Amino acid sequence: MAHLETFYFLDEINLSASVGKNAVNHKDDVLVVQALLKYALEPLHYFRNDKFSEPTGTMDRNTMRLIEKFQVFARRKLKKSVSVDGRLDRAVGTKSFGRDGRWSIQLLNGEALTAYLIFYKGEENYIEDICRRFPQVKTAIGEIPVGTLNLSLESSRVGVGTLNLGLE
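S.K.: I'd like a description of the side chain of S18, backed by residues and values.
M.R.: Position of S18 relative to the elements: it lies in the loop between β2 (10-14) and β3 (19-20). A distance of 3.1 Å separates the side chain of S18 from the backbone nitrogen of V24, its partner in a polar contact. Those residues in contact with S18, other than ones at most four positions away along the chain, are A23, V24, N25, R87, L88 and D89.

Right under this line is the structure:
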C-alpha cells in the first residue's frame, strides 16, 4: 500500500513497490502515481499534448509513457542524475544512487508541491489537495494525519494527575 513518509522534513507519498515498466504495479501504488502525474504535470506546457489516465490503479500505456517522459523532464530540469527507465521505485533513504541521485517518486512529489503552489493554491497542503481532487487516493494511502497531539500532565493533590488532550 502506498503511504506517507517524511523525507527532508516534508511528508511525501511513497510507494510500497515499483510502478511502471517491468515493475510490481500494485493497484494502490499505480493509483497514487496516476494521481500525482495528473496533478503535477497536466498544467505544464511540456506535457500539453499528453493524455493523462484517470487514477484507477490499472497500469496502462499512458501511465508507462508518462513515467518515462517525466523522468526525461526531471533529468533536464534538474541537470542531475535521474534514471530514465520508465519505472518509479519506492524511495528508501534520501539518495537513489551516487551523490546526486534522487528517487523519481520524490521528484514527482516535488513537482506536485510546485504545481500546488503555482497553479492550485488551495488552503490545504498538496497531499490533501490531491486527496480532495481524487478521493480514491486517500483510501490508497490510508488516513492523512490532521494534526499533532500536545500532551501535558497536570499535577493534583490526589493521584498522579490528569492528562489533558488537545488536537492542534
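S.K.: Report on the environment of V82, specifying residues and quantitative values.
M.R.: Checked against the element boundaries, V82 lands in the loop between α2 (61-78) and β4 (87-88). The spacing of V82 and S104 is 22 residues in sequence and 7.1 Å in space, taken between C-alpha atoms.

S.K.: Talk me through unusual backbone geometry; I want residue IDs and the actual numbers.
M.R.: For N22, which is not a glycine, the phi torsion comes out positive at approximately 50°. Non-glycine residue N25 carries a positive phi angle of around 60°. On the secondary structure map, N25 appears in the loop between β3 and α1 (27-41).

S.K.: I'd love a proper account of the pairing of strand β1 (residues 3-7), names of residues and values included.
M.R.: Pairing of β1 with β2 involves five bridges; the strand directions are antiparallel. For E5, the partnering residue across the bridge sits in β2 and is E12. Remark: two residues form the turn of the hairpin made by β1 and β2, two consecutive strands paired antiparallel; Y8 in that turn has positive phi of roughly 50°.

S.K.: Account for the side chain of D129, with residues named and values stated.
M.R.: Along the chain, D129 turns up in helix α4 (residues 126-133). On the basis of relative accessibility, which here comes to 0%, the residue D129 falls in the buried class.

S.K.: Break down the packing of aromatic side chains for me, citing the residues and quoting the values.
M.R.: All told, the structure shown has four aromatic pairs when counted by the stated rule. A ring pair is formed by Y46 and F47, whose centres lie 5.0 Å apart and whose planes are at 75°; its orientation type is edge-to-face. Note on Y46: relative accessible area 33%, which makes it partly exposed. A relative accessible area of 1% means that F47 is categorised as buried. Judged by centre distance (5.1 Å) and plane angle (40°), the ring pair of Y46 and F73 falls under tilted. With Y46 in the loop between α1 and α2 and F73 in helix α2, the pair connects residues that are 27 residues apart, well separated along the chain.

The rules behind the values
Residues numbered from 1 in each chain as written. Predicted model: local features only at pLDDT ≥ 70, side-chain atom pairs only at ≥ 80, totals over all residues. Heavy atoms only, no water. Helix = DSSP H or I, 4+ residues; strand = E, 2+ residues; numbered from the N terminus. Polar contact = N/O pair within 3.5 Å; in protein donor to acceptor, adjacent residues only side chain to side chain. Contact = heavy atoms within 4.5 Å. Pairing = 2+ DSSP bridges. Buried < 20%, exposed > 50% of the residue type's maximum accessible area, 1.4 Å probe, protein only. Phe/Tyr/Trp six-rings, centres within 6.5 Å; stacked < 30°, edge-to-face > 60°.

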